[in-house]
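The lines below spell out each chain.
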Amino acid sequence: MDAIAIERETDILGLVDVQPTFMPGGELAVADGDAVVPAINRLLARFDHAFATQDWHPAGHTSFASAHPGRLPYDTVPMPYGEQVLWPDHALQGSANAALHRDVDLTKVEVIVRKGFHPAIDSYSTFFENDRRTPTGLDGWLRQRGFRRIFLAGLATDFCVTWSAEDAVRLGYDVAVIEDACRGIGVPLPNGRTSMDEARERLARLGVALVTSADIR
Ligand code: VGL
Ligand code: ZN
């Protein structure tokens with residue numbers, strides 16, 4: 001793939017849920033999830049602007065399997081806004097594992113957007129909650145600041161990163177996912193495939209560029 005030149009004032013690096021709760025030892029550990037931290041720090045040195053998101057759930061959140069008697073983590077259940085995967089309790093507001101990872105250099109992070117705090121709606125995307133209508137406010141911030149292209153990195157590739165990329169495309173941004181700075185969960189789905197298979201297909205269909213750090217100059 002050709003090198004991508006960073007446009008200093010209109011490109012921004014988006015750090016999705018870089019929280020210990022999604023890393024080995026955390027409540028919803030993504031395999032090798034902590035490997036994104038050094039990759040992200042190298043990227044941060046090259047961009048002038050960055051934002052970060054933080055999954056931020058109240059106790060008893062509707063996305064927790066523990067809130068659905070008889071259900072187990074990774075079961076899929078219908079919610080008023082569509083099918084929802086149930087998770088172990090994670091990203092609990094105020095807990096140490098819900099903080100942004102302490103080794104991420106936050107110097108260039110200009111805004112931190114929290115999501116998933118409405119008790120009855122889960123939130124994967126950095127732009128909308130899972131009803132796909134309740135906004136996080138990030139679109140307004142990015143637009144007012146004049147950003148047009150978003151490079152996404154973080155956790156998890158097949159949930160928060162992919163849903164963010166899809167919404168960003170719908171909102172009119174150019175989007176690239178930096179694959180080596182992301183890690184995925186890979187939930188087995190009722191149709192025999194995994195959430196990683198489906199995420200890759202959805203991104204390809206939308207024309208989201210899958211790039212590696214080395215492509216970005
Ligand atoms: C995430 C599942 C539940 C993510 C957040 O950050 O991808 N996944 N909450
Ligand atoms: Zn969550």
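Look up: the structure comes first, before these words.
Read on for an overview of the structure. Not measured: the values here are computed from a predicted model. Residues take numbers from 1 onward in each chain, read along the sequence in its written order. Just so you know, chain letters begin at A and ligand numbers begin at 1, following the order they were written in. Given that the model is predicted, a residue must reach a pLDDT of at least 70 before its local features are reported, and side-chain atom pairs must reach 80 or more before they are shown or counted; all residues, however, enter totals for whole chains, interfaces and linings. Only hydrogens and water are set aside when side-chain values are computed; all heavy atoms of the structure are taken into account.

1. Digging into the overall build of the protein chain
A tally of regular secondary structure across the protein chain gives four helices and eight strands. Sequence-ordered secondary structure for the protein chain, helices as α and strands as β, is β-α-β-β-β-β-α-β-α-β-α-β. We take the radius of gyration over the C-alpha atoms and set the globule estimate at 2.2 Å times the residue count to the 0.38 power. The globule rule puts the C-alpha radius of gyration for 217 residues at 17 Å, and the 16 Å found for the protein chain is close to it. Projected onto its principal axes, the C-alpha positions of the protein chain cover 50 × 35 × 30 Å. Note on exposure labels: buried denotes an accessible area under 20% of the residue type's maximum, exposed denotes more than 50%, and partly exposed covers the range between, all computed with a 1.4 Å probe on protein chains only. When each of the 217 residues of the protein chain is scored for burial, the buried share is 52%. Across the protein chain, contacts joining residues at least 24 apart in sequence account for 73% of those joining residues at least 6 apart. When charges are tallied, Lys and Arg are placed among the positive residues and Asp and Glu among the negative ones, while His and the ends of the chain are skipped. Charge placement uses NZ in Lys and CZ in Arg. For Asp and Glu, CG and CD serve respectively. With 21 positive and 30 negative side-chain charges, the protein chain shows a spacing of 3 Å between the two charge centroids. Helix and strand definitions here come from DSSP, where helices need a minimum of 4 consecutive H or I residues and strands a minimum of 2 consecutive E residues; each element is numbered from the N-terminal end. It only takes one pair of heavy atoms within 4.5 Å for two residues to be counted as in contact.

2. Considering the coordination of the zinc ion (ligand 2)
A donor here means any N, O or S atom no more than 2.8 Å from the metal (3.2 Å for Na, K and Ca); water is not included, so a site may seem to lack partners. Bound to the zinc ion (ligand 2) are the protein donor atoms Asp55 (OD), His57 (NE2) and His90 (NE2), situated 2.0 to 2.2 Å from the metal. Every angle between 85 and 135 degrees makes a four-donor site tetrahedral, while opposite donors more than 155 degrees apart, with all other angles between 65 and 115, make a four-donor site square planar and a six-donor site octahedral; other sites are irregular. Given four donor atoms and angles of 89 to 169° at the metal, the environment of the zinc ion (ligand 2) is assigned as irregular. For the zinc ion (ligand 2), the donor residues sit on a single chain with the sequence spacing D-x1-H-x32-H. Given a relative accessible area of 3%, aspartate 55 falls into the buried group.

3. Quick word on the sheet that holds strand S7 (residues 174-183)
Read across the sheet, six strands follow the order S5-S2-S1-S6-S7-S8 without closing on themselves; strand pairing throughout is parallel. Edge positions in the open sheet fall to strand S5 (109-115) and strand S8 (209-211), since each of these has one partner strand only. Mean inter-strand twist for the sheet, computed between neighbouring axes without regard to direction, equals 25°. Pairing between two strands is assigned when DSSP locates at least 2 bridges connecting them. With four bridges joining them, strand S1 (residues 11-16) and strand S2 (residues 50-55) adopt parallel strand pairing. Across the sheet, the residue bridging to valine 16 is threonine 53, located in S2. To define axes, lines are fitted to C-alpha atoms, for helices over the stretch in contact only, and angles between the resulting N-to-C directions are given on a 0 to 180 degree scale. Across the sheet, helix H1 (residues 36-44) lies against S1, S2, strand S6 (149-155) and S7, angled at about 140° from S7, the strand it touches most. In the packing of helix H3 (residues 157-170) onto the sheet, contacts are made with S1, S5, S6 and S7, and the angle to S6 comes to roughly 165°.

4. Observations concerning the site of ligand 1
Think of it this way: one heavy atom of a residue within 4 Å of a molecule or strand is enough to make that residue near it. Taken together, the neighbourhood of ligand 1 is formed by Asp17, Phe22, Leu28, Asp55, Trp87, His90, Tyr124, Leu155, Ala156, Phe159 and Cys160. The contact in question runs from an oxygen atom of ligand 1 to an N or O atom on the backbone of leucine 155, over 3.3 Å. Burial of ligand 1 by the surrounding chains reaches 100%, relative to a free accessible area of 260 Å². Any N or O atom pair separated by 3.5 Å or less is treated as a polar contact, with the protein-specific requirement of one donor-capable and one acceptor-capable atom, and with residues adjacent in sequence counted only for side-chain atom pairs. Method for areas: the Shrake-Rupley scheme with a 1.4 Å probe, in which residue coverage is limited to the protein chains shown.

5. Things to note about the pattern of salt bridges
Salt-bridge detection follows one rule: a side-chain nitrogen of Lys or Arg within 4 Å of a carboxyl oxygen of Asp or Glu. If you walk through the whole model with that rule in mind, you get 15 salt bridges. For arginine 149, the salt bridge identified is with aspartate 11, shortest N-O distance 2.7 Å. You can see arginine 149 sitting in strand S6 and its partner aspartate 11 sitting in strand S1, a full 138 residues away along the chain. A salt bridge links arginine 132 to glutamate 166, with the nearest nitrogen and oxygen atoms 3.3 Å apart.

6. Here's the deal with H1
Among the residues making up H1, those that are buried are Val36, Val37, Ala39, Ile40, Leu43 and Leu44. For H1, the angular spread of the buried residues around the axis is 165°, confining them to a single face. Each element contacted by the buried residues of H1 is listed here: S1, S2, S6 and S7. For this quantity, the arc is that covered by the directions from the helix axis to the C-beta atoms.

7. Brief notes about the packing of H3 against helix H4 (residues 195-206)
The interhelical angle for the contact between H3 and H4, taken along N-to-C directions, is 15°, at an axis separation of 10 Å. In terms of their interaxial angle, H3 and H4 are classed as roughly parallel. When you trace H3 past H4, the crossing you get is left-handed. Side by side, H3 and H4 meet where Thr157, Asp158, Phe159, Thr162, Trp163, Ala165, Glu166 and Val169 of the first sit next to Ser195, Met196, Ala199, Arg202, Leu203 and Leu206 of the second. When residue character is reported, Ala, Val, Leu, Ile, Met, Phe, Trp, Tyr, Cys and Pro are called nonpolar, Asp, Glu, Lys and Arg charged, and the others, Gly included, polar. Class assignment of the residues belonging to the contact of H3 with H4 gives a composition of eight nonpolar, three polar and three charged. For classification purposes, an angle smaller than 35 degrees is called roughly parallel, one larger than 145 roughly antiparallel, one from 65 to 115 roughly perpendicular, and anything else oblique. For any pair of crossing helices, the crossing counts as left-handed if the nearer helix is rotated counterclockwise from the farther one by less than a right angle, and right-handed if it is rotated clockwise.

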